[in-house]
Amino acid sequence: MATEGGLTSSSSSRREYNGKITPFVALSCMMAAMGGVIFGYDIGISGGVTSMEPFLEKFFHQVYTKMKQDTEVSNYCKFDSQLLTSFTSSLYVAGLVASFFASWLTKSRGRKPSILLGGGAFLAGAALGGAASNVYMLIFGRVLLGVGVGFANQAVPLYLSEMAPPRYRGAINNGFQLSVGIGVLAANLINFGTEKIRSGYGWRISLSMAAVPAAILTVGAIFLPETPSSLIQLTNDKDRARRLLQRVRGTSEVQSELADLIEASELSKSIDHNPFRKILEANYRPQLVMAVAIPFFQQVTGINVIAFYAPLLFRTIGMGESASLMSAILTGAVGIATTFLSMVIVDRVGRRPLFLVGGVLMLVSQVLVGAIMAAELGDHGGIGKRYAVAVIVLIGFYVAGFGVSWGPLGWLVPSEIFPLEIRSAGQSIVVAVSFLFTFVVAQTFLSMLCHLKAGIFFFFGGWVVVMTVFVYLLLPETKGLPIEKMGDVWREHWFWNRVVVVGGPGVGEHLPAKFGEGGSQSSVVDL
Ligand SMILES: OC[C@H]1O[C@](O)(CO)[C@@H](O)[C@@H]1O
């Protein structure tokens, strides 16, 4: 059964490459992580903007008048407006479609052009949104933002994982979610300030400030190097790749890693047809299952619902005006701190323990919140202050559980498990599924809340049980293993080794015996 990391034998390929975190790696990753900030900024900004009255009055007049008139609506049904959620969701639909174009660009032209295009589209979207004079401009702006995050989310996690030395890959890739969290918090704080602007144009500032991280990302991308792995795949120029690798790793001893990259690239070329057809083949079943399951599970933790619900609770305990700020600070700061913690320990303790601990923490908090709500909150009126405080503390624990686990690892694990020939296609499936379910959850949860009431916490809690069992049984440990050697984890896994064909592509042992386990000996590949 699932022994240590789901591996049944000791993994001989968990060997070290040379190299450390050079300033060069740190800088490129920081720049690329701006991709996370633009994503987070949008998540954070749209909720606040759509609750600003001048914004509603201008673009969503119907919602505005309904909000003003209805005072007798149930606690659980107050915010039920499909039109308004479709404003938020339009971005995800655009991003979903864009991620497939990104797959093609990322593969055929490199990670860098996708990041550049993502930043540029987001920049244009921010300008259009900020300047919108009618609802069409507004929606078109959101579509451009969607294209921006579609490209950025497809390319940035791959970029980070390919740039990182394997033993720091978890930390570096978790930087993506850390910057998502920073973006969300920054947006909330900005909204809190702009809401108070008397002229009623605060929302314009909120929307156009997205241009700041987008500009940094776009300009930064011009100076970013391509990843060594992508450079080999694109140019086949081994000398250039070696020079880049030496610069990135800060050592001249890069033969072992270079040989693995070349091997992976050659293998990828030899079987390289349509990557979307390829990924459907039986041998890539574990990767395909992960590409769909992981982003799906990340969204059905219910994180965005909890984040939405928190301000109501703060209002309940009498925080009044500052309720949404307080809840943003709580959920934002706890999320950032725990994602940071995850960053620090993920390469030491591994991915699986974090998923399991985070899952249990989320589940316990959700069940308790659901129970308190079911017992204490009726359709009208509030809940007692003591209970509200308890619920807020529990939400803090829930966010902490997400912050150490599904938040960052939901991006990390997919980005490190795809072999080169399906990497770009695989990552765009991840982004598409992630956006699809962000959209589905956003679009349905208000009416779900209205029908399920407190049961909504048990609903998402049920999914947390499913995903935790899934990780326990089916997700192998990927800590420290070079991406190009990742095929081993399936071959050595109690379940997946029945599904994949040993010796088939993507499963290790794919090259003639002389490459063997030590397929990185420099003598084998002509450097
Ligand atoms: O990684 C993306 C997910 O993380 C969050 O920003 C929470 O920190 C969610 O809003 C989002 O769906």
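These remarks concern the structure in this document. (Residues numbered from 1 in each chain as written. Predicted model: local features only at pLDDT ≥ 70, side-chain atom pairs only at ≥ 80, totals over all residues. Heavy atoms only, no water.)

A cluster of nonpolar side chains, contributed by Ile197, Ile205, Met209, Val212 and Ile216, occupies part of the molecular surface with about 370 Å² of accessible area. For Val212, the location among the structural elements is in helix 9 (residues 211-223). (Patch = residues over 30% accessible without salt bridge, like charges linked within 9 Å, V, L, I, M, F, W, Y side chains within 5 Å. Areas by Shrake-Rupley, 256 points an atom, 1.4 Å probe, with all protein chains shown as cover. Salt bridge = Lys/Arg side-chain N within 4 Å of Asp/Glu carboxyl O. Helix = DSSP H or I, 4+ residues; strand = E, 2+ residues; numbered from the N terminus.)

Relative to the assigned elements, Leu245 resides in helix 11 (residues 238-249). For the pair formed by Leu245 and Ala282, sequence separation is 37 residues and the distance between their alpha carbons is 33 Å. In contact with Leu245, not counting residues within four places along its chain, are Pro228, Gly250, Val254, Glu257, Leu258 and Leu261. (Contact = heavy atoms within 4.5 Å.)

In this model, Asn236 sits at a positive phi of 60°, which is unusual for a non-glycine residue. Assessed through its relative accessible area of 42%, Asn236 is described here as partly exposed. (Buried < 20%, exposed > 50% of the residue type's maximum accessible area, 1.4 Å probe, protein only.)

What follows deals with the packing of aromatic side chains. Applying the stated criterion across every chain, the model contains 19 aromatic pairs. Taking the centre distance of 5.9 Å and the plane angle of 50° together, the rings of Phe39 and Phe435 count as tilted. You can see Phe39 sitting in helix 1 (residues 23-49) and its partner Phe435 sitting in helix 20 (residues 420-452), a full 396 residues away along the chain. Judged on exposure class, the residue Phe39 and its partner Phe435 are both buried. When the centroid spacing of 5.1 Å and the interplanar angle of 90° are considered together, the rings of Phe296 and Trp463 count as edge-to-face. Taken as a pair, Phe296 in helix 14 (residues 285-300) and Trp463 in helix 21 (residues 455-474) lie far apart in primary sequence, 167 residues in all. On the basis of relative accessible area, Trp463 is assigned to the partly exposed category, the value being 27%. These aromatic residues form a ring-pair network of at least three members: Phe296, Phe297, Phe355, Trp406, Phe437, Trp463 and Phe470. Between Lys196 and the ring centre of Phe192, over which it is positioned, the NZ or CZ distance is 3.7 Å. (Phe/Tyr/Trp six-rings, centres within 6.5 Å; stacked < 30°, edge-to-face > 60°. Lys NZ or Arg CZ within 6 Å of the ring centre and 35° of its normal.)

Before going further, it helps to spend a moment on the pattern of salt bridges. Counted according to the given criterion, the structure contains 13 salt bridges. Among the salt bridges present, the one from Glu162 reaches Arg423, with a minimum N-O distance of 2.5 Å. With a gap of 261 residues between them, Glu162 in helix 6 (residues 135-163) and Arg423 in helix 20 connect regions that are remote in the sequence. Salt bridges sharing common partners tie together Arg111, Glu162, Arg423 and Glu484.

This brings us to the site of the ligand. All residues adjacent to the ligand are Phe39, Ile43, Gln177, Val180, Gln298, Gln299, Ile303, Asn304, Phe402 and Trp411. One nitrogen or oxygen atom from the side chain of Gln177 is found 2.5 Å from an oxygen atom belonging to the ligand. Here Gln298 contributes a side-chain N or O atom positioned 3.5 Å from an oxygen atom of the ligand. Protein contacts shield 89% of the accessible area of the ligand, which totals 310 Å² for the unbound molecule. Of all the secondary-structure elements, those providing two or more residues to the shell around the ligand are helix 1, helix 7 (169-194), helix 14 and helix 15 (303-319). Residues that form the shell around the ligand fall into these classes: six nonpolar, four polar and no charged. (Near = heavy atom within 4 Å. Polar contact = N/O pair within 3.5 Å; in protein donor to acceptor, adjacent residues only side chain to side chain. Nonpolar A, V, L, I, M, F, W, Y, C, P; charged D, E, K, R; others polar.)

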